[in-house]
Amino acid sequence: MASKHVRKIISCHIIIFIMVFAAWTYNVFVCRAGDSSARETVLPQGEARESIVSRHFPDRVHEFVWRNWNAVELSKLAAILGTSVDNVQVLATSMGLPPAAAIPPEMKTRGYITLIRRNWHLLPYDQLLALLDMTPERLAFTLREDDFLWIKLGKIKPKCEAIRYRIPDEAARRRAAEIRRVVETDFGEEICRPVEPRFDFVRQLSKPLGSVPPTKPGNDLPVSLRFVYSYLAVYGDPLLNPKLDPYPDGFLERLSTVGVNGVWLHVVLRDLAPGGTEFPEFGVDHKQRLANLRVLVERARKYGIGVYLYINEPRAMPNAFFQKRAGMAGVHEDEFTALCTSHPTVRQWMSDALAFVFRQVPDLAGVYAITASENLTSCASHGNWKSCERCKPRSDTDIIAEVAAVLEEGVHRGNPKANVILSDWGWKGHGDAVDIIARLPKSVWLMSVSEWALPIERGGIKSKVGEYAISAVGPGPRAPRHWKVAEETGLKKAAEIQFNNTCEIASLPYLPVMDLVAEHIDNLRASKLDGMLIGWTMGGYPSPNFQLARQLNRTPAPSVDTVLDALARGRFGDGAPHARKAWTLTSNAYRQYPFHISVVYRSPIQWGSANPMYPVATGYKSTMWGLPYDDLNGWRGPYPPEVFAAQFEKVAEGWRPGIAELQAAVEKTPINRRKEVEADLRYARAAAISFQAVANQTRFVLARDGLLKGGKTLPPEERLRLRKEIQRCLESEIVLARQHFMLACEDSRIGFEPSCHYFYLPLDLVEKVVNCRWLLKHFEE
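Reference entry: report on the structure contained in this document. (Residues numbered from 1 in each chain as written. Predicted model: local features only at pLDDT ≥ 70, side-chain atom pairs only at ≥ 80, totals over all residues. Heavy atoms only, no water.)

Once that is clear, we can look at the overall build of the protein. Along the protein, the regular secondary structure elements total 28 helices and 17 strands. In terms of C-alpha radius of gyration, the protein reaches 26 Å, essentially the compact-globule figure of 28 Å for 781 residues. For the C-alpha atoms alone, the extent of the protein along its principal axes is close to 75 × 70 × 55 Å. Considering the protein as a whole, with its 781 residues, one finds that 63% of them fall into the buried category. Counting contacts in the protein only where the partners sit at least 6 residues apart, residues at least 24 apart contribute 77% of the total. For the protein, the exposed area adds up to about 28,000 Å²; of that, 54% sits on carbon and sulfur atoms. Between the centroid of the 98 positive side chains of the protein and the centroid of its 88 negative side chains there is a distance of 1 Å. (Helix = DSSP H or I, 4+ residues; strand = E, 2+ residues; numbered from the N terminus. Rg over C-alpha atoms; globule rule 2.2 N^0.38 Å. Buried < 20%, exposed > 50% of the residue type's maximum accessible area, 1.4 Å probe, protein only. Contact = heavy atoms within 4.5 Å. Areas by Shrake-Rupley, 256 points an atom, 1.4 Å probe, with all protein chains shown as cover. Lys, Arg positive; Asp, Glu negative; His and termini not counted. Charge placed at Lys NZ, Arg CZ, Asp CG, Glu CD.)

The following block contains the structure:
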């Protein structure tokens, strides 16, 4: 999950090992923020190497100004460069950047990951801290705890010299003027067009609907629970800062109207409850968090929505925590050690803490627990329990079942009516876990990813699904087998299934592939589920896709066509027939997506045409949901390069007639609803651009590497062919980036994902054109 988000790599058994082993395997780097008297703190460095130089800019100062223009205050840029605001403005003007605009305050509070990522190869830690207004301690915590950000950045902090302003020399002024001409020629007045401020969707979704009263979203339906994560949430510690409310009333109201009746919130148990005499350091600020949680729970109840706490417990602690608690120390993973759940004191603390929370907030709906996530919890959570003296005589089944029993006992001691939902994520290395399920407490729910292990074949390449997938319609073989055992044992059953988007392309809030979503829901009817998690971190936008969960969940069961026809009429009016055709065309095209864990995590699909291209190989490995670079071998998984590119081209080509039908549907939609459905069209267009961009970038890397590797030994006709292919790819990327820029300017949701923030900003798409124009000249020489 990509914050479960982020939950898997390459094969079922390797996933946990890689994620955990990578989680903090870095060489220690001592960074001093500011002057030499500042406090020291440990920040990760990894196997540091030289940063990437973007050769289409005159120098790193110009690059820094461009990358942070209208993302960071002008005065802050000047302070970091050690110069005046006027000098920074002159640099920006020389490159044709638009006038300075007001910076949304959310860029620091909700977009700090965007700022970190775009300056990762530009600034050393001290200047990065100054840019972010973060303490070293806060940045270290962010890199470690904010949904595995250090892993997303590749576990490497590139070597960066401090950037200081200097008067541009003649060569720099000449190159800046060339950039300005590209901007003026390719974008003209559009570069100054009004742009919807980034994060404006927070304001839009927080605004009450007004005329639509709160509803009870179908709690009496056969699948009684449909719960999601917030599209507006900041993943880290949302209960400590009420200004970053993850579920404002307007957003709760919108979720209720599309049939959602549950929401989840990531918490760490030691932050919500005191630790007593055994763990006196636990519980700092717990009263404030619980007070904010009570307010949220009460507000959500007005809309028929229950609040669930998402937990991975007991969380591992730094090794130093165990200096006086050696008897509680479990398995070790680098700088962290598990609180061993075979120790009765640890189990007692877990149970007491949960009971405390559920007594203090009695209207909590329940917990949603993953006991074998990327976060190290019990000694069996990552399969290494044999290295623990207390646990090695036991089986992983014993340990995980015991943890489940502790969770259930604590929650129900605090509130017997609360739901305890346990995910089988990671159990037995994502394999057969029926022995664990048979030993679960009878009052819990068993939840399983529906499509897991589903066999697929794309472009003649066979593989299995190992992540959320919309393009591959479940269920796979694992979940029904687990649900069957759960039913025989007397447990309630739930599915993890995504309706809006997945890691296949999460930088758009939802995709108009209704046929695929409806087919998946229909396929699950036979399993007689009690609940569905229908939105992981990337999938919580209150979209029309969510309505399918409620509309297809009735007795007697309506047909898929009946429900889709009704949804199209309700949304598009007279444009409904065109919308139905569009959904079918895009759904059929999406079935060609070259699905694999490497593709969805490491390819440029989240960036689309914003991903830069390079004249020579960077040598950097693509990272999980972070920086794709030009690492084609990392992007493609099991697919040969040609097949990989061809599959994305098939998706893009099949998507285009769907866009035409969607355009016709929008044009026939009543005026009062047209603005809403225009968003569907924007996201369809942005998706098609991203599919084609991955294919272009793949073919560019192939041609570039072929040209450079062959050198002068290549036959003239082959050199000409490769140069023409490079030219074709670059020219196509220019067209796509210009289209993508227009869409991103219109809609602040484009490019955003809650746990990664913005993958790209509108000016990144302008830079891509500058990048491609420079490369065209470079490969002519």
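Let us keep going from here.
Another point: the packing of helix H26 (residues 671-710) against helix H27 (residues 716-746). The N-to-C vectors of H26 and H27 enclose an angle of 155 degrees; their axes lie 8 Å apart at closest approach. As far as their axial angle goes, H27 and H26 are roughly antiparallel. In terms of crossing hand, the pair formed by H26 and H27 is left-handed. (Axes fitted to C-alpha atoms, helices over the stretch in contact; angles between N-to-C directions. Parallel < 35°, antiparallel > 145°, perpendicular 65-115°, else oblique. Left-handed = near helix turned anticlockwise from the far one by under 90°.)

Right, let's get into the packing of helix H14 (residues 286-301) against helix H15 (residues 344-360). Two elements in contact, H14 and H15, have axes whose closest approach is 10 Å; the angle formed by their N-to-C orientations is 45 degrees. Classified by the angle between their axes, H14 and H15 sit oblique to one another. The handedness of the crossing between H14 and H15 comes out as right-handed. When H14 is examined against H15, the residues His286, Leu290 and Arg294 are found in contact with a partner set consisting of Phe356, Val357 and Gln360. Partitioned by chemical class, the residues of the contact of H14 with H15 number three nonpolar, two polar and one charged. (Nonpolar A, V, L, I, M, F, W, Y, C, P; charged D, E, K, R; others polar.)

All right, on to the pattern of salt bridges then. Inspection of the entire model under this criterion finds 48 salt bridges. For Asp249, the salt bridge identified is with Lys302, shortest N-O distance 3.2 Å. Linking Asp249 in helix H12 (residues 249-257) with Lys302 in the loop between H14 and strand S5 (306-311), this pair joins segments that are 53 residues apart in sequence. Exposure remark for Asp249: the relative accessible area of 23% places this residue in the partly exposed category. Across the pair Arg580 and Asp565 runs a salt bridge, and its minimum N-O distance is 2.7 Å. Within this pair, whereas Arg580 is found in helix H22 (residues 576-590), its partner Asp565 is found in helix H21 (residues 560-572), the two being separated by 15 residues in sequence. What makes Arg580 buried here is its relative accessible area of 14%. Judged by its relative accessible area of 30%, Asp565 is partly exposed. When salt bridges that share partners are traced, they join Asp245, Asp249, Arg299 and Lys302 into one network. (Salt bridge = Lys/Arg side-chain N within 4 Å of Asp/Glu carboxyl O.)

Attention now moves to the sheet that holds strand S3 (residues 225-228). Here eight strands make up a closed barrel; going around it, the order is S3-S4-S5-S9-S10-S11-S14-S15 and the pairing parallel. Direction aside, the axes of adjacent strands within the sheet are offset by 25 degrees on average. Both strand S10 (residues 419-423) and strand S11 (residues 445-449) contribute to a ladder of three bridges, which runs parallel. In the strand pairing of S11, Ser423 is matched with Met447. Helix H16 (residues 396-414) contacts S5, strand S9 (366-370) and S10 of the sheet and is inclined by roughly 160 degrees relative to S10. (Pairing = 2+ DSSP bridges.)

Moving on, we get to the pairing of strand S8 (residues 336-339). Note: strand S6 (residues 317-318) against S8, two bridges, orientation antiparallel. Paired with Pro318 across the bridge in S8 is Phe336. Taking the residues between adjacent antiparallel strands as the criterion, strand S7 (residues 329-333) and S8 are bridged by two residues, where Asp334 takes a positive phi near 60 degrees.

Bringing helix H8 (residues 136-145) into the picture now. Inspection of H8 places Pro136, Leu139, Ala140, Thr142 and Leu143 among the buried residues, and these make up the whole buried set. In a view along the axis of H8, the buried residues occupy a sector of 160 degrees, so they form one face of it. Asp147 occupies a position one or two residues after H8 and carries a positive phi of about 55 degrees. (Arc of directions from axis to C-beta.)

Moving on, we get to the layout of surface pockets. The calculated volume of the largest pocket comes to roughly 1,000 Å³. What lines the largest pocket is a set of 30 residues, among which Leu209, Arg254, Tyr541, Arg571 and Glu676 lie closest to the centre. Put simply, the parts of the chain that give the lining of the largest pocket at least two residues each are helix H11 (200-206), H12, H21 and H26. Here the lining of the largest pocket takes seven residues from H26, the largest share from any one element. Looking at the lining of the largest pocket residue by residue, the class counts come to 12 nonpolar, five polar and 13 charged. (1 Å grid on protein atoms, 1.4 Å probe; cavity = no way out; pocket = protein on both sides within 12 Å on 5 of 7 lines; lining within 4 Å. Points joined across faces, edges and corners; volume = space filled by probe spheres on them.)

If you walk through the whole model with that rule in mind, you get eight cavities of 30 Å³ or more. Its boundaries defined by the atoms lining it, the largest cavity holds a volume of some 400 Å³. Around the largest cavity, the lining is made up of 22 residues, and of these Arg67, Trp607, Pro612, Tyr614 and Leu627 lie nearest the centre. Elements with a contribution of two residues or more to the lining of the largest cavity: helix H2 (60-68), helix H6 (112-118) and helix H28 (762-778). Grouping the amino acids of the lining of the largest cavity by side-chain chemistry returns 11 nonpolar, four polar and seven charged.

Moving on: the sheet that holds S6. Judged by pairing direction, the sheet is antiparallel, and its three strands sit side by side in the order S6-S8-S7 without closing on themselves. Sheet topology places S6 and S7 at the edges, where each strand pairs with a single neighbour. Two elements, S7 and S8, share three bridges in a ladder whose sense is antiparallel. The partner of His332 across the bridge, within S8, is Thr337.

Moving on, we get to the packing of aromatic side chains. Going through the model one piece at a time under the given rule, you end up with 44 aromatic pairs. Considering the side-chain rings of Phe199 and Tyr758, the 5.0 Å spacing of their centres and the 75 degrees angle between planes classify their relative orientation as edge-to-face. Here Phe199, found in the loop between helix H10 (170-187) and H11, pairs with Tyr758, found in strand S17 (residues 757-758); they are 559 residues apart in sequence, far enough to count as distant. A residue is classified by how much of its surface remains accessible, and Tyr758, at 0% relative accessible area, is buried. When the centroid spacing of 5.6 Å and the interplanar angle of 90 degrees are considered together, the rings of Phe227 and Tyr368 count as edge-to-face. (Phe/Tyr/Trp six-rings, centres within 6.5 Å; stacked < 30°, edge-to-face > 60°.)

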